[in-house]
Every structure is written in structure tokens, then in C-alpha cells.
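A look at the structure
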Amino acid sequence: MRLILLGAPGSGKGTIAEELTKQYGVVHISTGDIFRANIKEKTPLGTEAKQYMDRGELVPDSITIAMIGDRLAQPDCASAFMLDGFPRTIPQAEELDKLLADKGVSLDAVISVRISDDVIKTRVSDRRVCESCGASFSLSFRPTKVEGICDLCGGNVVQREDDKPETVLSRLKTYHEKTQPLTDFYQKKGLILSADNEVSYIQAIEQINKGFIARGIIRE
Ligand code: ADP
Ligand code: ZN
């Protein structure tokens, strides 16, 4: 199965992706995670990406597209993958179309995670992440057992630089301007499967699985 997860920053895409990859064993490709890993390793790509990310802006399409092209060419993506955080602009989506057409494959669905900006602002300000393994926590919904320490690996749990309130506003603005038009782009292709994540991600996952069955992507 080949999937895209669309949704605003802080919409819970990451959590939904984690759950779906557990259920279906598909490779989870998060462009944000790849950029953050490069920043941590101080690679040239990381240094370049960091200046945009810290401001809540998008990394330029040319850089992002080249990176995802490399990643999708790896053997573990041959038959299934889930893209989380890519595409984020119309040009990225058009490039992805070309890439997939060259491989002779197509997308099964584009999951659109829906949630209001107000809920997002609260969730993002509550979000904490592990510096070592990337695990995500929430001060209100999923606190760490020991404050500031990752339950999974014992690493430091901190607030992401771009989760600070000023940056969240500019990320949301970028999202509405550049990424939201993708919903229409994929709607026209008949690929959109909506998931409401306003209440709980469990509910969103249920909706997604029903959508998969209705589309014949999985069997009941
Ligand atoms: P969120 O979805 O919560 O904003 P991500 O981890 O997906 O967080 O992305 C963090 C940052 O990484 C983005 O604000 C952006 O700067 C950069 N980024 C991630 N994916 C892309 C992309 N497809 N195109 C451009 N920039 C991206
Ligand atoms: Zn950890």
C-alpha cells in the first residue's frame, strides 16, 4: 500500500502514522524526521534545512524533492510506504506524481487528517519529543513517567524549537497557504480519505481502516 498523510503541523499525523505502520508494516517516511536526523548529524543537508525550519518556513522544494527521491529509490520502499510531511506544496506533489509514474506505480490513498487550528495550538504547546529516539509525548495526554526523560530510551525529552508559540503561528500560516491546496489536488484524483482527529487518534484510525475497506485497499 502506498499512502500519503496530509495534515496541519500538530494535527497528530505522526501518531497516526506510527499506529498505521504498526498495523500494516509499511515504511514510515517523515521528511521532518529525516531533516531533524540530518541536523543532529550536522550534515550539509541538515545545516541548510535548519535555517528554514527554525523560522517555521518550508525547506525549498528542490532540496526536499531530491531528498525524497533518494529515499523512495531504496529497496524497502519498493512495494509499500507511508509519506508523512511530504508533499507539502503543489510542485512537490507534481514531482511525486512523476517519480511514481516512472516507477509504474500509483498511490492507494491520501489520508487527510482534520483538526481545528485552536486544538492544534494547544496540542503543539503541549508536545514534547525525545532528543534521542524522536518519540513524541504530551504534557496533558501522554506525559513521560519521569519528567523530562523518555519512557522508551531514557533520552532527554524537550520542546522542539519550532513548537514555540511564535513559530507555530507561522507554520500554520504556511500550511494554509502552501499545503492545504493539496487536498483539492488529490480530491480531484479521487484519492482523499478524511480522518477526523479532533477527539482521539483511535477514532481517526477507525475511520481510516473503514475507508481502506470501502476502497478495497484491505479486506474486512
Ligand atoms: P509538523 O508537521 O509538525 O510541522 P514536521 O516534522 O513534519 O512537523 O516538519 C518540521 C519542519 O520540517 C517543517 O516546518 C519544515 O520546515 C520542514 N519540512 C518537513 N517536510 C517538508 C517538506 N515536504 N517540504 C518542505 N519543508 C519540510
Ligand atoms: Zn527516546
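Residues numbered from 1 in each chain as written. Chains lettered and ligands numbered in written order. Predicted model: local features only at pLDDT ≥ 70, side-chain atom pairs only at ≥ 80, totals over all residues. Heavy atoms only, no water.

Focus on the coordination of the zinc ion (ligand 2)
Counted only if it meets this: Coordination here is defined by N, O and S atoms within 2.8 Å of the metal (3.2 Å for Na, K and Ca), and since water is not considered, a site can look incomplete. All geometry calls rest on donor angles, where a four-donor set with angles between 85 and 135 degrees is tetrahedral, four- and six-donor sets with opposite donors more than 155 degrees apart and all others between 65 and 115 are square planar and octahedral, and all else is irregular. Comment: elements are numbered from the N terminus, with helices defined as DSSP H or I runs of at least four residues and strands as E runs of at least two. Relative accessibility decides the category of a residue: with a 1.4 Å probe and only protein chains considered, values under 20% of the type maximum give buried, values over 50% give exposed, and everything between is partly exposed.
Summarising the metal site, the zinc ion (ligand 2) is bound by the protein donors Cys-130 (SG), Cys-133 (SG), Cys-150 (SG) and Cys-153 (SG), whose distances to it range over 2.3 to 2.4 Å. Classification of the site at the zinc ion (ligand 2) as tetrahedral follows from its four donor atoms and the range of 101 to 117° in their angles at the metal. Mapped onto the sequence, the residues coordinating the zinc ion (ligand 2) show the spacing C-x2-C-x16-C-x2-C. Of this pair, Cys-133 sits in the loop between β5 (127-130) and β6 (136-138) while Cys-153 sits in the loop between β6 and β7 (157-158), and the two are 20 residues apart along the sequence. Residue class for Cys-133 comes out partly exposed when judged on its relative accessible area of 42%. Relative accessible area serves as the criterion here: at 41%, Cys-153 is assigned to the partly exposed category.

Some thoughts on the site of ligand 1
Quick reminder of the rule: When at least one non-hydrogen atom of a residue lies within 4 Å of a molecule or strand, that residue is treated as near it. Pairs of N or O atoms within 3.5 Å make up the polar contacts considered here, provided that, within protein, one atom can donate a hydrogen while the other can accept it, and that residues adjacent in sequence are counted only when both atoms are side-chain atoms. Method for areas: the Shrake-Rupley scheme with a 1.4 Å probe, in which residue coverage is limited to the protein chains shown. In this classification, Asp, Glu, Lys and Arg are treated as charged, Ala, Val, Leu, Ile, Met, Phe, Trp, Tyr, Cys and Pro as nonpolar, and every other residue, Gly included, as polar.
Lining the immediate surroundings of ligand 1 are 20 residues, of which Lys-13, Thr-31, Glu-57, Gly-85 and Arg-171 lie closest. Within the contact set of ligand 1, a nitrogen atom lies 3.0 Å away from a side-chain nitrogen or oxygen of Arg-88. Here an oxygen atom of ligand 1 sits 3.2 Å away from a polar atom, N or O, in the side chain of Arg-160. Alone, ligand 1 offers 550 Å² of accessible surface; in the complex the protein occludes 96% of this. The element that contributes the greatest number of residues to the shell around ligand 1 is helix α2 (residues 31-40), accounting for four residues. Grouping the constituent residues of the shell around ligand 1 by class yields six nonpolar, six polar and eight charged.

Describing the packing of helix α1 (residues 13-24) against helix α9 (residues 201-214)
Quick note on the threshold: Axis geometry follows a simple rule: fit a line to the C-alpha atoms, using only the stretch in contact for helices, then measure angles between N-to-C directions, giving values from 0 to 180 degrees. Each angle is binned into one of four classes, with values under 35 degrees roughly parallel, values over 145 roughly antiparallel, values of 65 to 115 roughly perpendicular, and all other values oblique. Here is the rule for handedness: rotate from the far helix to the near one, and if that takes an anticlockwise turn smaller than a right angle the crossing is left-handed, while a clockwise turn gives right-handed. Contacts are residue-level and defined by heavy atoms, with any inter-residue pair within 4.5 Å sufficient.
Where α1 meets α9, the closest approach of the two axes is 10 Å, and the angle between their N-to-C directions is 50°. As judged from the angle between their axes, α1 and α9 are oblique. Our pair here, α1 against α9, has a crossing hand that is right-handed. Residues Thr-15, Ile-16, Glu-19, Leu-20, Gln-23 and Tyr-24 of α1 lie in contact with α9, whose contacting residues are Tyr-201, Ala-204, Ile-205, Ile-208, Asn-209 and Phe-212. The class makeup of the residues in the contact of α1 with α9 is eight nonpolar, three polar and one charged.

A few points about the pattern of salt bridges
Pairing is possible between side chains that carry opposite charge, provided their charged atoms lie close to one another. Rule in force here: By definition here, a salt bridge exists when the distance from a side-chain nitrogen of Lys or Arg to a carboxyl oxygen of Asp or Glu is within 4 Å.
Under the definition given, this model contains 14 salt bridges. Among the ionic pairs, Asp-97 bridges to Lys-189, the shortest N-O distance being 3.0 Å. With a gap of 92 residues between them, Asp-97 in helix α5 (residues 90-103) and Lys-189 in the loop between α8 (181-187) and β8 (192-196) connect regions that are remote in the sequence. With a relative accessible area of 24%, Asp-97 lands in the partly exposed category.

As for the packing of helix α4 (residues 61-72) against α5
If you want to describe how two helices pack, look at the angle between their axes and the distance between the axes. Closest axis-to-axis distance for the α4/α5 pair is 10 Å, and the angle between their directions is 25°. Classified by the angle between their axes, α4 and α5 sit roughly parallel to one another. Crossing angle aside, the handedness with which α4 passes α5 is right-handed. Residue-level inspection shows Asp-61, Thr-64, Ile-65, Gly-69 and Leu-72 of α4 in contact with α5, the latter providing Pro-91, Gln-92, Glu-95, Leu-96, Leu-99 and Lys-103. For the contact of α4 with α5, the per-class residue count stands at five nonpolar, three polar and three charged.

Points about unusual backbone geometry
Negative phi is the rule for most residues except glycine; trans is the rule for most peptide bonds. Following Phe-86, the chain continues into Pro-87 via a peptide bond in cis, with omega recorded as -5°. Inspection of the secondary structure puts Pro-87 in the loop between β3 (81-84) and α5. At Lys-42, a position not held by glycine, the phi torsion is positive, near 55°. Overall, Lys-42 belongs to the exposed group, its relative accessible area being 69%.

Some points on the nonpolar core
Note the cut-off: Remark: nonpolar core denotes a set of buried residues (Ala, Val, Leu, Ile, Met, Phe, Trp, Tyr, Cys) joined through side-chain atoms within 4.5 Å.
If you look at the biggest cluster of nonpolar residues, it comprises 21 residues, and the most contacted ones within it are Ile-4, Ile-29, Leu-72, Leu-83, Leu-96, Val-110 and Tyr-186. Broken down by secondary-structure element, the contributors of at least two residues to this core are β1 (2-6), β2 (27-30), α4, β3, α5 and α8. In this structure Tyr-186 touches Ile-4, Leu-6, Pro-87, Ala-93, Leu-96, Leu-107, Val-110, Leu-191 and Ile-192, once residues within four positions along its chain are discounted.

Structural measurements only, silent on function.
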